[in-house]
Amino acid sequence: MFKVYKKFLLFLGITVFLCISASIVWSKSKVDFVEIKLLNNLDDERGFCIDIKGYKLKAKINRGLQAHTCYSYQGEVSVDQGFDANRFKYKQLFFPNFDVCVSSTSSKKPLSLNLIKCGNTQKFVFSEDNTIRLKNNMNLCLTVAKGNSRKGGGGSPTHLKRNLSMQTCNQQLSIYQTWGIRRFKEGKIFTEKISKFS
């Protein structure tokens, strides 16, 4: 009787383990991994993407965000530039590899951006004009800094970076305020305008 009970417990344990493993794999596969890219490449033909400061998996979420050379030229969306497009419908800018969302830090203009655990985070609206706006202040758009880019720490040619903030929406700043998304499918890269998610 004890042997039968022991086999049953072993079977039950293995079944639970397999269910949990399958659930983790399934949930990761549900992520629609994309980068958010400025539509105008400015002074870097690889383009600028929203990026966590730091380097890939070593990125430091407490340092906030920047616009940085898009890593997709390397053949995939990078972990520190990768958003889950499934969360756009909830008006969240969510980095699944770091389990954080983008939020604004203050009420001063221009608003800087930080990364916090998702929940009561700032909500963003993807507008028909391809701008990304604060839901509670539709006059503010996600904006890449004007002027010359600064050099980053790697890449060939050297990666470039710029500041990123929420500033007053302005048609004259459209090259710094209009965005698209890029994703890989079957080894090829596809670009879509952010307004698709409005």
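Residues numbered from 1 in each chain as written. Predicted model: local features only at pLDDT ≥ 70, side-chain atom pairs only at ≥ 80, totals over all residues. Heavy atoms only, no water.

Student: Just give me the short version of the environment of Gly187, but keep the residues and values in it.
Tutor: Tracing the backbone through its elements, the reader meets Gly187 in the loop between β14 (179-185) and β15 (188-193). Looking at Gly187, the relative accessible area reads 70%, which means it is exposed. As for Gly187 and Gly75, which are separated by 112 residues in sequence, their C-alpha atoms are 7.6 Å apart. (Helix = DSSP H or I, 4+ residues; strand = E, 2+ residues; numbered from the N terminus. Buried < 20%, exposed > 50% of the residue type's maximum accessible area, 1.4 Å probe, protein only.)

Student: Please provide a residue-by-residue account of the packing of aromatic side chains, values included.
Tutor: Using the criterion set out here, one finds two aromatic pairs in the structure. Both rings, one in Phe83 and one in Phe95, keep their centres 4.2 Å apart while their planes meet at 35 degrees; by these two values the pair is tilted. Taken together, the residues span a long stretch of sequence, with Phe83 in strand β4 (residues 83-84) and Phe95 in strand β5 (residues 94-95) at a distance of twelve residues. Given a relative accessible area of 0%, Phe95 falls into the buried group. With a centroid separation of 4.9 Å and an interplanar angle of 55 degrees, the aromatic rings of Phe88 and Phe126 are classed as tilted. (Phe/Tyr/Trp six-rings, centres within 6.5 Å; stacked < 30°, edge-to-face > 60°.)

Student: Outline the confidence of the model for the protein, listing residues and values.
Tutor: Across the protein, the average pLDDT comes to 82, with 82% of residues at 70 or higher. Averaged pLDDT values for the elements of the protein fall to 43 in helix α1 (residues 2-29) and rise to 96 in helix α2 (residues 174-177). Predicted confidence for residues 11-28 stays below pLDDT 50, and this span has zero contacts to residues more than four positions away or in other chains. (pLDDT = per-residue confidence, 0-100. Contact = heavy atoms within 4.5 Å.)

Student: Describe the sheet that holds strand β9 (residues 132-134), and please don't skip the residues or the numbers.
Tutor: Across the sheet, four strands lie side by side as β8-β9-β10-β13; this open sheet has antiparallel pairing. The outermost strands of the open sheet, each flanked by one partner alone, are β8 (124-126) and β13 (164-168). In this sheet, neighbouring strand axes are inclined to one another by 40 degrees on average, regardless of whether the strands run parallel or antiparallel. Bridge analysis of β9 against strand β10 (residues 137-144) gives two bridges, and the strand direction is antiparallel. What sits directly across from Leu134, in β10, is Asn137. (Pairing = 2+ DSSP bridges. Axes fitted to C-alpha atoms, helices over the stretch in contact; angles between N-to-C directions.)

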